[in-house]
Amino acid sequence: MLRQAKACPIIRSDFCAAVILKVPVFHSIEKQVADAFHAHIQVRYGVDLSVTIEQPRQSDFGEIAVPAAFQLAKRLRQAPKKIAAELAAEIGPIPGVAALEVAGNGYINLRLDRGAYAAALLRGEEEGMSAAGGKIIVEHTNINPNKAAHIGHLRNATLGDTFVRMLRASGAQVEVQNYIDNTGVQVADVVVGFHFLEHKTTADVEALLADPAVRFDYYCWDLYAHTSSYYKEQPESLAWRSETLHAIEAGEGELARMAHLVADAVVQAHLKTMLRLDVEYDVLPRESEILHLQFWAAAFEQLKQRKAIYLESEGKNAGCWVMPGLSEEGKVIVRSNGTVTYVGKDIAYQLWKFGLLGKDFHYRPLMTYADGRVLWVSTDTPTAGEHHFGNGSRVYNVIDARQSYLQDVVAAGLRGLGYAAQAEQSIHFSYEMVALSPRCCADLGIPLSEEDRQRPYVEVSGRKGLGVKADDLMDNLIAKALAEVDARHVEKPAAERQRVAEQIAIGALRYFLLKFTRTSVIAFDLQEALSFEGETGPYVQYAAVRARNILRKLEERGETLPDFAAELSAEALGRQLQSEDFWQVLLAASKVDSALDGALSAGEPAHVARYAFQLAQAFNNFYHQYPILQEESREKKVFLLWMTDFFRRQLERTAGILGIQIPEYM
RNA sequence: GCGCCCGUAGCUCAGUUGGAUAGAGCGGCUGGCUUCGAACCAGUAGGCCGGGGGUUCGAGUCCCUCCGGGCGCACCA
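All of the points below concern the structure found in this document. The shown structure was predicted, so the numbers you read here are calculated from the model rather than taken from an experiment.

Along the backbone of chain A there are 28 helices and 16 strands. Taken over the C-alpha trace, chain A has a radius of gyration of 29 Å; the compact-globule value for 666 residues is 26 Å, and the two agree within 12%. For chain A, buried positions account for 54% of its 666 residues. Surface accessibility of chain A: about 28800 Å² in total, with carbon and sulfur atoms responsible for 51%.

Our focus in this paragraph is unusual backbone geometry. The backbone of N142 shows a phi angle near 45°, a positive value even though the residue is not glycine. The topology assignment puts N142 in the loop between β4 (135–139) and α6 (151–169).

Judged by pairing direction, the sheet is mixed, and its three strands sit side by side in the order β15-β14-β16 without closing on themselves. The open sheet is flanked by β15 (458–459) and β16 (522–524), the only strands paired with a single partner. With three bridges connecting them, strand β14 (residues 434–436) and β16 associate as parallel partners. When the bridges of β16 are listed, V434 appears paired with I522.

We now examine the side chain of Q302. Looking at where Q302 falls in the secondary structure, it is placed in helix α13 (residues 295–305). With near-sequence residues (within four places) excluded, Q302 lies in contact with L356, L357, L417 and Y419.

On to helix α5 (residues 114–122). Among the nine residues in α5, eight count as buried, and that is most of the element. Taken residue by residue, α5 has R114, G115, Y117, A118, A119, A120, L121 and L122 as its buried positions. One side-chain oxygen of the residue at the start of α5 lies 3.3 Å from the amide nitrogen of G115, identifying that residue as D113. Of the residues one or two after α5, G124 is the one with positive phi, at around 80°.

The next subject is the pattern of salt bridges. For the coordinates displayed, the defined rule picks out 42 salt bridges. One salt bridge connects D35 with K31, and the closest N-O pair in it is separated by 3.0 Å. Note that D35 and K31 are positioned in helix α2 (residues 25–45) at a spacing of four residues, about one turn of the helix. The partner of R402 in a salt bridge is E459, with the nearest N and O atoms 2.3 Å apart. Separated by 57 residues along the polypeptide, R402 in the loop between β12 (394–400) and α15 (404–416) and E459 in strand β15 bring together distant segments of the chain. Using a relative accessible area of 40% as the deciding quantity, one classes E459 as partly exposed. Salt bridges sharing partners connect three or more residues here, namely R548, D645, R648, R649, E652 and E664.

Note that R114 resides in helix α5. Exposure remark for R114: the relative accessible area of 17% places this residue in the buried category. Spatially, the C-alpha atom of R114 lies 8.1 Å from that of A98, the residues being 16 residues apart in sequence. Apart from residues no more than four positions distant in its own chain, R114 is found in contact with E63, L577, Q578, S579, E580 and W583.

Right, let's get into the protein's contact with RNA strand B. In the vicinity of RNA strand B lie 75 residues, with Y107, R335, R488, T517 and Y539 positioned nearest. In RNA strand B, the atoms that sit within 4 Å of the protein are 65% sugar and phosphate, with bases accounting for the remainder. The contact in question runs from a sugar or linking oxygen of RNA strand B to an N or O atom on the side chain of Y542, over 2.9 Å. Between R557 and RNA strand B, the recorded distance is 2.8 Å, taken from a side-chain N or O atom to a phosphate oxygen. Tallying contributions element by element places helix α27 (residues 605–625) first for the surface near RNA strand B, with eight residues.

Here we take up the sheet that holds strand β8 (residues 321–323). In a beta sheet, neighbouring strands are held together by backbone hydrogen bonds and run either parallel or antiparallel to one another. Reading across from one edge, β7-β8-β9 is the order of the three strands in this open sheet, with antiparallel pairing throughout. Two strands close off the open sheet at either side, each with one partner strand: β7 (310–311) and β9 (331–334). Relative to β8, β7 runs antiparallel, the two sharing two bridges. Within β8, the position partnered with Y310 by the bridge is V322.

Membership of the largest hydrophobic core comes to 147 residues, with the highest contact counts inside it found for F37, I41, F524 and W642. Not counting the four nearest positions on each side in its chain, F37 is found in contact with V51, V66, L87, I91, I94, L100, I108 and L110. One finds W296, L357, Y363 and F389 within the second-largest nonpolar core, a separate group that totals 39 residues.

Here the focus is the pairing of strand β2 (residues 97–103). Summarising the sheet, β2 and strand β3 (residues 107–112) pair through six bridges and their orientation is antiparallel. Of the residues in β3, the one forming a bridge with A99 is R111.

At a minimum axis distance of 12 Å, the contact between α5 and helix α25 (residues 580–589) shows a crossing angle of 40°. Taken as axis vectors, α5 and α25 run oblique relative to one another. At the point where α5 passes α25, the crossing takes the left-handed sense. Along the contact surface, α5 presents R114, Y117, A118 and L121, while α25 presents E580, W583, L586 and L587.

A few words now on the packing of aromatic side chains. Within a pair of aromatic rings, the relevant descriptors are the distance that separates the centres and the angle that separates the planes. On inspection of all chains with the given rule, the structure shows 31 aromatic pairs. Seen from their ring centres, F70 and Y107 are 5.0 Å apart, and the 65° between their planes marks the pair as edge-to-face. On the criterion of sequence distance, the pair formed by F70 in helix α3 (residues 68–76) and Y107 in strand β3 is long-range, its members being 37 residues apart. An angle of 25° between the planes, with centres 5.7 Å apart, marks the rings of W642 and F646 as stacked. Taken together, the residues span about one helical turn, with W642 and F646 both in helix α28 (residues 634–657) at a distance of four residues. For the pair formed by W642 and F646, the shared burial category is buried. Among the aromatic residues, those joined into a ring-pair cluster are F582, F619, F622, Y623, Y626, F639, W642, F646 and F647.

Structurally, the position occupied by M433 is in the loop between β13 (426–431) and β14. Taking the C-alpha atoms as reference, M433 lies 9.1 Å from N156; in sequence the two are 277 residues apart. Residues in contact with M433, not counting those within four places in the same chain, are R155, R402, Y457, E459, V521 and I522.

Here we come to the packing of α2 against helix α4 (residues 80–90). Contact pair α2 / α4: the axes reach a minimum separation of 11 Å and the direction vectors enclose 110°. One way to sum up the angle between α2 and α4 is to call them roughly perpendicular. Crossing of α2 over α4 shows right-handed handedness. Packed against α2, whose contacting residues are F37, H40, I41, R44 and Y45, the element α4 presents I83, E86, L87 and E90 at the interface. Looking at side-chain class alone, the contact of α2 with α4 contains five nonpolar, one polar and three charged residues.

Right, let's talk about the side chain of T158 for a bit. Position of T158 relative to the elements: it lies in helix α6. From its side chain, T158 meets the backbone oxygen of L154 in a polar contact 2.6 Å long. Residues contacting T158, with those up to four places away along its chain left out, are L277, R510, L513 and L514.

Parameters at a glance
- Residues numbered from 1 in each chain as written.
- Chains lettered and ligands numbered in written order.
- Predicted model: local features only at pLDDT ≥ 70, side-chain atom pairs only at ≥ 80, totals over all residues.
- Heavy atoms only, no water.
- Helix = DSSP H or I, 4+ residues; strand = E, 2+ residues; numbered from the N terminus.
- Rg over C-alpha atoms; globule rule 2.2 N^0.38 Å.
- Buried < 20%, exposed > 50% of the residue type's maximum accessible area, 1.4 Å probe, protein only.
- Areas by Shrake-Rupley, 256 points an atom, 1.4 Å probe, with all protein chains shown as cover.
- Pairing = 2+ DSSP bridges.
- Contact = heavy atoms within 4.5 Å.
- Polar contact = N/O pair within 3.5 Å; in protein donor to acceptor, adjacent residues only side chain to side chain.
- Salt bridge = Lys/Arg side-chain N within 4 Å of Asp/Glu carboxyl O.
- Near = heavy atom within 4 Å.
- Core = buried A, V, L, I, M, F, W, Y, C linked by side-chain atoms within 4.5 Å.
- Axes fitted to C-alpha atoms, helices over the stretch in contact; angles between N-to-C directions.
- Parallel < 35°, antiparallel > 145°, perpendicular 65-115°, else oblique.
- Left-handed = near helix turned anticlockwise from the far one by under 90°.
- Phe/Tyr/Trp six-rings, centres within 6.5 Å; stacked < 30°, edge-to-face > 60°.
- Nonpolar A, V, L, I, M, F, W, Y, C, P; charged D, E, K, R; others polar.

See below:
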């Protein structure tokens, strides 16, 4: 098989080659330790060992563990413990390291010089260089514009958007694409519903759109389900679908006009829905332009010329253009009637993303986001001041795991064309689906068949109209958050409370969707999603709000934030950090970049989420145990304030990577 | 039939790419609001990591096999 889902072909060492990461304090000490051991082992034993660094199991073992003795034991035919003792005795001083000891069967545990470490953080040495490699394209969301978005789409968008934020935080140049299939069967089915089932004209649909009482994407949600079930009952009605598809493809007539009207309106609804989650895009490449600008024709030529596909003369695929290699009979790319399959178009689109097609879209601005970012959409006619998109050096397609076979075909297409390097950089950022537990369906009043009731979970299905709409879920979350805010802050202006409730609700939702690893099927549970306690977004937000409260209260009492650098010497920091509690909070808070780095190489936004939670947990503990504003000792108070401020900045940065805002109050 | 994913505490999930005594949240039980607001904190119970083989100094993690569940494998998109 081409794809290795478990192995996550995301990024390892090659990623670091493309993007030079920040060099935070902890990282640089780790590197110095590894280098020191590597050099010493080379001289002492004549072994070129790749020294790995670990985190000790327990925090009281120190901050860095080196298991090199285990790796050497076999080659030297000596006991790990003996080698560890030799290494520990002979390695000599390492900058930033205060002590080192042998533990267990041969671990070498290192303790950092706490005062020096904190002083480096205080001086802001964690700010390092960052430089970009080539452009990275991330494609996500990709919802068929024929109905309202549901929770499955939210998982896609949240994963994609967070991964984009992770890449950008590490210094990468990223372009976000959201592909719009505005000419496909799903749009056609809704048009069939309007035209043939409801006998509506384009003007009727326009009236529907103008009616403020109608949520158009919701209307289409029901209509799509209706049309789908009608096909089942009256299979001959499928002829309506073909007729509509042909009209759309030809781009002429009432049905085509209606299709554009519907698709454009639903795209607007999706953009609005996603904006509630703080998800933004750079460009919307549309299927209609892929069609009109003949992207497929260009790709077809390349595929034929380079013999990536062949015209089958016999067997069940006779008369089709087939791509060999993926299965015994190959994958049909062009049907015997001459029309191209979905994957064929996808290969053309993927070629464009890498700048390999020899064609480009034209673009026009669609809207401007609040932060000034302009969203562009593809068009088939040239415009003034033309922008350019695509031409990436690496492409992540955020698409659920059910489509992994098709993603394999796309990569195989690139490989067949001789673009092995680009095939390697075509990454299917896959994730498992969001399903509904039977209990959840019962809670939501979704009727289930007897068969479905026996299952562990039920797939969301747009066709069946089965699912939780994204906007409904958000409305639900906001209402619940608002009730909590109202209970605590009646004195605040209503509009402000609403804003805070929205931030909390979105924080809860994004965190909920991110805390699962990508390979885990989310069996959606409404109660769990609506929770604001425990491992949730609001928990993380609350910790940051508490930190801010301390600093605000300080000023309310007429004090000002001390000049930390002037008041806290390395000695003072070292003195205060003799407290294990303080040291652990500071250490945890200093590892944002380590956590980000690990999450990027694993391709797991969930790792960032988990780090944020652990950080919040450490702070909540700290907060509870040590009153800061009442502290008598000046040195300790200044130190605690610095810790609070440092924590606040680090947690806000982490939350920002997750797309979670910190409210003014909670 | 073939391919991929999952199986870890009552429930939902982590497990740093093979390391030290397997963790968190929820739920259960016990305790803590006159403090920088408890959307919080502390304590406690709860485990044959689906079963069986193997590789290794060392396995929840890698290999084989079996069991159970899910998802793919169209001239649909």
